[in-house]
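# Inside the fold
Here's the letter readout for the chains.
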Amino acid sequence: KPRSYAKAFVLLSSSLLVSVIILLVLSSNKLSAFPRVVSYETITVVNVFPHDPAAFTQGLVYYRNDTLFESTGLYGQSSVRKVALRTGKVEDMLKMDSSLFGEGLTLLNNRLFQVTWLQNAGFIYNKNLSKIGAFNHDMKDGWGLATDGKVLFGSDGTSILYQLDPQTFKALSKHVVYYKDHEVHNLNELEYINGEVWANVFMTDCIVRISPNDGSVLGWILLQNLRKELIETGNNGIDVLNGIAWDGVQKRIFVTGKLWPKLYEIKVSPIN
Ligand code: DDQ
Ligand code: CA
């Protein structure tokens, strides 16, 4: 009879809904019944390249043919630059207004997107470093930017990983980044690598590997040796590790830091 069919349907679909909700709650980061395996990784240096020691690196992105784009900070010294990987030579540079503090930078559809610190001001440049647009975004501040070729990923110094619409700069999603049940604060420079978002954690020698799907931590990369060695060889003026770039063609990972005289190509491998 139709009545009992309807009853059975309602019963079935509601129990399905309840189980889906239970599953979602169980698999969420905070209350995970299926804790993820977190990997801990160390690095080996494959290549060392020169880097402008006056560059307060805030955004780093690989373009092609051994060329990088870089965003630098500090008032009066903020810039967007095109940099030759092998020589560290600044091939092209746009100096920003001294009221601006350059931050995260990424390249999407042949356009460079940049955010700034403490001002909700974002800029768009072409690859000749001409400003072709400006935007406001949905984040509390502008720290890191990266892209998967579709959306922008953004960080603002909190524990939130944003996905931003590259047209409207509205947040498509916000995921709080959790390592087990600890929030990971101070997310800084970003890079999208093989389906993961990698983030410098400000004032640490660590890069955290984040799942863009839910904000969970997939792994930690420990890079303390780089800063330690620079200090030991007399580079006392260097600031923190910051800047990750990915060459998707040759599968190369590059890292540097603020006021670092060197830029490193690294390989990552699990500890143990
Ligand atoms: N951030 O890169 C963590 C987002 C900002 C770093 C700011 C460093 C401050 C340097 C001194 C500023 C002088 C006004
Ligand atoms: Ca980057």
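Here we summarise the structure given alongside this text.

## A short note on the environment of D66
On the secondary structure map, D66 appears in the loop between strand 2 (57–62) and strand 3 (67–72). You can call D66 buried: its relative accessible area is 19%. In this structure, the C-alpha to C-alpha distance between D66 and A84, residues 18 residues apart in sequence, is 6.2 Å. Residues in contact with D66, not counting those within four places in the same chain, are V83, A84, L85, R86 and R252. Side chain to side chain, D66 and R86 meet in a polar contact 2.7 Å long.

## Side note on the coordination of the calcium ion (ligand 2)
In the first shell of the calcium ion (ligand 2), the protein supplies L60 (O), E189 (OE), E189 (OE), L190 (O), E191 (OE) and I244 (O), at 2.4 to 2.9 Å from the metal. For the calcium ion (ligand 2), the six donor atoms are set out with angles of 47 to 177° between them, so the coordination reads as irregular. Mapped onto the sequence, the donors of the calcium ion (ligand 2) take the spacing L-x128-E-L-E-x52-I. The buried category is assigned to L190, whose relative accessible area is 0%.

## Focus: the sheet that holds strand 18 (residues 206–210)
Here eight strands make up an open sheet; going across it, the order is 16-17-18-19-1-22-21-20 and the pairing mixed. Here the strands that pair on one side only, and so sit at the sheet edges, are strand 16 (187–193) and strand 20 (241–247). Taken pair by pair, the neighbouring strands of this sheet meet at an average axis angle of 30°, ignoring direction. Where strand 1 (residues 39–50) lies against strand 22 (residues 262–270), nine bridges are found, and the strand directions are antiparallel. Each residue of the ladder has a partner; that of F49, found in strand 22, is L263.

About the thresholds
Residues numbered from 1 in each chain as written. Chains lettered and ligands numbered in written order. Predicted model: local features only at pLDDT ≥ 70, side-chain atom pairs only at ≥ 80, totals over all residues. Heavy atoms only, no water. Helix = DSSP H or I, 4+ residues; strand = E, 2+ residues; numbered from the N terminus. Buried < 20%, exposed > 50% of the residue type's maximum accessible area, 1.4 Å probe, protein only. Contact = heavy atoms within 4.5 Å. Polar contact = N/O pair within 3.5 Å; in protein donor to acceptor, adjacent residues only side chain to side chain. Donors = N, O, S within 2.8 Å, 3.2 Å for Na, K, Ca; no water. Tetrahedral: all angles 85-135°; square planar, octahedral: opposite > 155°, others 65-115°. Pairing = 2+ DSSP bridges. Axes fitted to C-alpha atoms, helices over the stretch in contact; angles between N-to-C directions.

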